[in-house]
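Chains, contacts and geometry: an overview
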Amino acid sequence: MRGTAVPEIVRFAAENTTQTGDILGLGTEQRVRWAKGLLPRGPVNGTVFYSGEMYPVMGYAEGAFRMLKRLEGFMDVNSLARVGPLMRKLGIYRVGARALWGGLNEKYQRALRDAVYVLRKLGVEMGYLFEDEPPSGVALHTYGLLREFKEHAEWVSRRLEELGVRRIITLDPIVATAFRLYYPEFVKDWRVEALHFVEIVAREMARQGVRLRLSRRVRVTYHDPCYLARTLGVVDEVRFILGRIEGVELVEPPRHGVNTGCSGDGGLELTQPPLARKVSYERIEELSGTGAERVLTSCPACIMMLRTGFDSMNLGLGVDDLASLVAEAMRNGVEREVETDAGEERREKLFFKRYRVLPRSPEPKSLELDDLAEMLLWETDKCKKCGFCNVECPTYRALDRLESRSARGRMTLINSLVRGDPVRPRAVLDRLYSCVLCGQCSQSCPVGLHVQELIVYGRAYAIYSGRAGVGPGA
Amino acid sequence: MGFPEALSEISKRVGKSKVLTDPEDVYAYSLDASTEYRRAPGAVVRASSDEDVRVVLEVADRERVPVVPRGSGTSLTGASVPISPDSIVLDLTPMRRIQVNVDDGYVMAEAGATVLEVDRACREHGFFFPPDPASSRVATVGGALAENAGGLRGAKFGVMKNWVLAMEVYLPGGRRLRIGEPVYKWRWGPDLLSLFIGSEGTLGVITRAWLKIYPLPEKVVRIMGTFDRLEDAGRAISQIRRRGHVPMMLELLDRETIEIVNEVLGYDVELAEAMVVADVDGPREAVWRMAREVEEVMRESGGRTRASDDPEEMQQLYQARQGAYAAVTRAYPGVLLEDITVPLSKLMVALRELENLRREYGMRMPVFGHAGDGNLHPTICFDPKDEDQLRKAREMFIRIGRLAIELGGAISGEHGIGLAKKELFLEEIKAIRGEGYLEVVREIKRMLDPNGIMNPGKLWF
């Protein structure tokens, strides 16, 4: 995994993911404590609730993100990545982090507990793997460490089989994407079903005719996470759930559903936090412009970016996981419709539309450099430079239309790198790491290029490229 | 002094953050939408004010450093690609203020605003900006003016130059030129607006323009006509215009285009030898009468027609045309997009000759375009890995250009000349206008840009 082209913060996150099971390396105890007494150990009928490597520790990430803003100009994120291991050596890492940001983290862990409460109220049977939960390793994929991801995913696949897991329910859409889309690409015979929380909740609410009521009236807006809406195509479920809660008024922002806007995460919050903040501002203004009292979403990274953004702009808007609002309503009781002629309508609602807006993923023959190069050159040569991908590219917009950190610019740079133009892999990687992987580019490409995925493969090429003097074990 | 010194001075005067020299930044500016020409500049200067533009042109002129003005880089001819590595690309995208003045009937737009942004700003006031190049959501006002871009509404509204009241231009050396006034009537001569519009950045840098706006049409009816013979469609188009109808859009697609759209995008568009899509606009009370007349003309030429003013159905009637370029580029990794214009009376001859050419070379070449103004986009498809196909495609490209010249038309209706059509362009000038014309234009160039720093290698220079 080591390579001089890979920034320290990425190495830090990648190592933590695979070794400790969470992106910050806070340890198993920190990762699983939220679930104590809530769920039985191990799968129930093959089903587990899967917390992933982000949600249980996201409050600490939020704390670090807030701190970095205050330290801007003095310390960057890579320096912070050096402090972590040092503190760990001194034995003060976990204690320090908990003392500083334990309170922030509580909010994220509460969302996990709320999700479990909702699922159980709906009769969903499931267990939890506690310290046996293998991390999905999605960060390895995100940052282009694809060989490591493949190796890790194969191990996860074997591990889940040993543990008897056949179905995963998760609150994290990035993890759901990894298990549903990336694992089948990288692991032979992957057979585990992965569902996001909102999919199963919508299905069960429809099937059981559930209606809920809040004890207050609230005007909310919903921020569709790109991984859930654009990548997995899950859009209508959220509207269905909110429509079934009395007291909730949903106001959609101008960009919603599969056309959602980016809140600045997708990995950028880790690699280039100042840019991530810049990207988030446009979305924050858009969401606050809806006049909603509360913002809901379904992704831990989006929650972090929106919470910190609303705070920094003094907009006083709170952000919650959708699961928490559903749980709040459920605590007032669950009303089930009596079986009537509405039953037929309900059965129809069991099947929600799965939106398909992204093109096919590129398929290199292998992750060897030559095969990556062949695929990348073939695909990026197809790019017509029409620039349609740039129109909605969040970093292009945030950086005053800077080409080298735009979707089209990244296609050009990958092409240049593979062709052997005098560009430096590390510097190209820096431009590729400035992408939020929101997928708008892939959605709008007239040629049908999966620009977002090509950027991930481009990252891999830059990392493993021989000219970088790096590579596994280097 | 040379390029590094010039750059260092510019950097000091405009601010370091606006000057990009890292290879990973400048290589991102090494291509345009022609994708055929590739060269990274030595530096990119991101101008965010008139002063930035002035400084660059002053220093570059003194130090003889080539300057390539650039908007969003959507030109299809290599016009925004430098020909020498010691060039400065002057990126105008950070300059994009827009001010609509409904009372005086214009919109002021800086060079970096996109055409669509200008149009949207006008629409908020019940007006619109008629020129609509297919790239309008990306293409900038500065680029569209420098290329004299057109679009789908060309049949009725013409090209960019028909919509300009005034402009500000910076010349090599840093001199500012304000041309025209934002009023609908002014008559100084000679008209320098037309000198700069379409000059592809070879004379100066357009930094802002005052553009006419137009009231949104009260109602639009879309008509789709399908034809069993390509020539019938050509006849219908010229007859529509001949009978005094000026549809806002008058588009043509041939069978091959429809086939590719259906194959690639999975549409189920009726397969015909040709399809014509027309948008008739007018007052609510009269628009359907006008639309029926256009339908009648299409039927007289052997067409089957459908018409609608329902937005959803209108979209359906348009889907094949809308998806044409996307479908072709998805199906073929290599495409050469032609852009000829022929007199309307020669449209049928042109279509026939294009068909003959396609047969002769045995290549796929869907033809679509804004036939209402005689502008066709024969699109030569090829496999870039196949040398023979590549050679054939290039030959066809030249022969199509020559066909336009022979028919008394033009080798480019809206895309421009850039690097892609330079040779054809000189042929066209010599064949139609003679060497003398060329001399006059070169003298003008020498006068405005004596050191030849402005976008060298493009057009006649």
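Criteria and thresholds
- Residues numbered from 1 in each chain as written.
- Chains lettered and ligands numbered in written order.
- Predicted model: local features only at pLDDT ≥ 70, side-chain atom pairs only at ≥ 80, totals over all residues.
- Helix = DSSP H or I, 4+ residues; strand = E, 2+ residues; numbered from the N terminus.
- Rg over C-alpha atoms; globule rule 2.2 N^0.38 Å.
- Buried ≥ 20, exposed ≤ 12 C-beta atoms within 10 Å, placed from the backbone.
- Contact = placed C-beta atoms within 7 Å.
- Nonpolar A, V, L, I, M, F, W, Y, C, P; charged D, E, K, R; others polar.
- Domains from an automatic or database assignment.
- Core = buried A, V, L, I, M, F, W, Y, C linked by C-beta atoms within 7 Å.
- Expected span 1.5 Å × (residues − 1).
- Arc of directions from axis to C-beta.
- Pairing = 2+ DSSP bridges.
- Bend = angle between axes of the 7 residues up to and from the residue.
- Axes fitted to C-alpha atoms, helices over the stretch in contact; angles between N-to-C directions.
- Parallel < 35°, antiparallel > 145°, perpendicular 65-115°, else oblique.
- Left-handed = near helix turned anticlockwise from the far one by under 90°.

A short note on the overall build of chain B
The helix and strand tally for chain B stands at 15 helices and 19 strands. Taking 23 Å as the expected radius of gyration for a compact globule of 461 residues, we find that chain B reaches 22 Å, a close match to that expectation. Counting only C-alpha atoms and orienting by the principal axes, one finds that chain B spans roughly 70 × 60 × 45 Å. When each of the 461 residues of chain B is scored for burial, the buried share is 56%. Of the contacts made within chain B by residues no fewer than 6 positions apart, 71% connect residues no fewer than 24 positions apart.

Quick notes on the overall build of chain A
Helix and strand counts for chain A stand at 23 helices and 9 strands. The C-alpha atoms of chain A give a radius of gyration of 22 Å, which matches the 23 Å a tight globule of 474 residues would have. Along the first, second and third principal axes, the C-alpha set of chain A runs to 70 × 50 × 50 Å. Per-residue burial over chain A gives 55% buried out of 474 residues.

Concerning the interface of chain B and chain A
At the junction of the two partners, chain B supplies 25 residues and chain A supplies 27 residues. Elements represented by at least two residues in the side of chain B that touches chain A include exactly helix 2 (23–26) and helix 11 (311–331) of chain B. Of the residues forming the side of chain B that touches chain A, the biggest block, 4 residues, is contributed by helix 11 of chain B. Of the residues that constitute the side of chain B that touches chain A, the class distribution is 11 nonpolar, 8 polar and 6 charged.

Quick word on the domain arrangement of chain B
In terms of domains, chain B is made up of domain 1 (3–91), domain 2 (98–215) and domain 3 (219–416). Computed over C-alpha atoms, the centres of domain 1 of chain B and domain 3 of chain B are 37 Å apart.

As for the domain arrangement of chain A
Residue and element names in this part refer to chain A. Each domain of chain A was delimited in the assignment, giving domain 1 (208–349) and domain 2 (369–468). Between the C-alpha centres of domain 1 and domain 2 there is a distance of 30 Å. Each partner contributes to the interface: domain 1 provides 15 residues, whereas domain 2 provides 11 residues. Elements with a contribution of two residues or more to the side of domain 1 that touches domain 2: helix 10 (226–231), helix 12 (268–271) and helix 13 (273–288). The greatest single-element share of the side of domain 1 that touches domain 2, amounting to 4 residues, is contributed by helix 13. Of the residues assigned to the side of domain 1 that touches domain 2, the class counts are 5 nonpolar, 6 polar and 4 charged.

Focus: the nonpolar core
Formed by 292 residues in total, the largest nonpolar core has its most connected members in Val-45, Val-56, Val-67, Leu-90, Val-107, Leu-211 and Val-276 of chain B. Those residues in contact with Leu-90 of chain B that lie beyond four places of it in its chain are Val-45, Ala-47, Val-53, Val-56, Val-67, Val-68, Pro-69, Arg-70 and Val-205 of chain B.

Section: helix 1 (residues 3–14) of chain B
All names here are of chain B. Compared with an ideal rise of 1.5 Å per residue, which puts 12 residues at 16 Å, helix 1 spans 16 Å between its outermost C-alpha atoms and is within 8% of the ideal. Every buried residue of helix 1 is listed here: Ala-6, Leu-7, Ile-10 and Val-14. Considered in projection along helix 1, the buried side chains sweep an arc of 95° and stay on one side of the axis. Among the exposed residues of helix 1, those pointing more than 90 degrees away from its buried face are Glu-5 and Lys-12. Where helix 1 is buried, its residues meet strand 1 (19–20), strand 2 (43–46) and helix 3 (50–63).

Let's talk about the environment of Arg-235 of chain B
Residues and elements named next belong to chain B. Counting through the fold element by element, Arg-235 comes out in helix 8 (residues 230–242). For Arg-235, a count of 22 C-beta atoms within 10 Å puts it in the buried group. For Arg-235 and Ala-155, which are 80 residues apart along the polypeptide, the C-alpha to C-alpha distance reads 16 Å. Those residues within four positions of Arg-235 in sequence are excluded, and the remaining contacts are Ser-301 and Met-348.

Remarks on the sheet that holds strand 4 (residues 193–196) of chain A
Residues and elements named next belong to chain A. Ordered in space as 2-1-3-4, the 4 strands form an open sheet in which the pairing is parallel. Here the strands that pair on one side only, and so sit at the sheet edges, are strand 2 (127–128) and strand 4. The pairing of strand 3 (residues 167–170) with strand 4 spans 4 bridges and is classified as parallel. Across the sheet, residue Thr-170 finds its bridge partner in strand 4, namely His-196.

Comments concerning the pairing of strand 3 (residues 67–70) of chain B
Consecutive side chains along a regular strand alternate between the two faces of the sheet. Residue and element names in this part refer to chain B. Side chains of strand 3 alternate between two faces, with Val-67 and Pro-69 and Val-68 and Arg-70 buried alike. Pairing between strand 3 and strand 4 (residues 88–91): 4 bridges, direction parallel. Across the sheet, the residue bridging to Val-67 is Ile-88, located in strand 4.

Details of helix 8 (residues 173–186) of chain A
Residue and element names in this part refer to chain A. Between its first and last C-alpha atoms helix 8 spans 19 Å; for 14 residues at 1.5 Å apiece the expected length is 20 Å, and the two agree. Approximately 35° is the largest bend angle found in helix 8, and it occurs at Phe-179. Every buried residue belonging to helix 8 is among Pro-173, Ile-174, Val-175, Ala-176, Thr-177, Ala-178, Phe-179, Tyr-182, Tyr-183 and Phe-186, and all of these are buried. The elements touched by buried residues of helix 8 are strand 1 (47–50), helix 6 (138–142), helix 7 (146–163), strand 3, strand 4 and helix 10.

Thoughts on the sheet that holds strand 9 (residues 176–180) of chain B
Residue and element names in this part refer to chain B. Ordered by their spatial adjacency, 5 strands build an open sheet running 5-6-10-8-9, and the pairing between neighbours is antiparallel. Two strands close off the open sheet at either side, each with one partner strand: strand 5 (98–101) and strand 9. Across this sheet, the average inter-strand angle for adjacent strands is 10°, counted without regard to direction. Against the sheet, helix 3 engages strand 8 (164–170), strand 9 and strand 10 (205–212), with an angle of about 140° to strand 10. Packing of helix 4 (residues 115–123) onto the sheet brings it into contact with strand 5, strand 6 (106–110) and strand 10, and relative to strand 5 it is tilted by some 35°.

Remarks on unusual backbone geometry
All names here are of chain A. We note that Lys-385 has phi near 60°; this positive angle belongs to a residue other than glycine. Looking at where Lys-385 falls in the secondary structure, it is placed in the loop between helix 17 (369–382) and helix 18 (388–391). According to the C-beta neighbour criterion, Lys-385 is buried, with 22 such atoms within 10 Å. Despite not being glycine, Asp-400 has its phi angle at roughly 60°, a positive value. By secondary structure assignment, the location of Asp-400 is in the loop between helix 19 (394–398) and helix 20 (407–419). Given 14 C-beta atoms within a 10 Å radius, Asp-400 is considered partly exposed.

A word on the environment of Leu-112 of chain A
Residues and elements named next belong to chain A. Looking at the secondary structure, you find Leu-112 in helix 5 (residues 93–121). Measuring from C-alpha to C-alpha, the distance between Leu-112 and Ala-35 comes to 8.2 Å, with 77 residues separating the pair along the chain. Not counting residues within four places of it along the chain, the set of residues in contact with Leu-112 comprises Trp-34, Ser-51, Tyr-55, Pro-56 and Leu-171.

Concerning the packing of helix 17 of chain A against helix 23 (residues 451–464) of chain A
Residue and element names in this part refer to chain A. The geometry of helix 17 relative to helix 23 is characterised by a closest axis approach of 10 Å and an angle of 140° between their N-to-C directions. It follows that helix 17 is oblique to helix 23 by the angle criterion. Pair helix 17 / helix 23 crosses with left-handed handedness. Residues Leu-369, Leu-372, Ala-373, Met-375, Leu-376, Glu-379 and Thr-380 of helix 17 pack against Leu-454, Tyr-457, Gly-458, Ala-460, Tyr-461 and Tyr-464 of helix 23. Of the residues that constitute the contact of helix 17 with helix 23, the class distribution is 10 nonpolar, 2 polar and 1 charged.

Description of the environment of Phe-425 of chain B
Residues and elements named next belong to chain B. Among the secondary structure elements, Phe-425 is positioned in helix 14 (residues 422–433). When the C-alpha positions of Phe-425 and Asn-356 are compared, they lie 23 Å apart, and in sequence the two are 69 residues distant. Non-local contacts of Phe-425, meaning those with residues more than four positions away in its chain, are made with Ile-411, Ile-417 and Leu-459.

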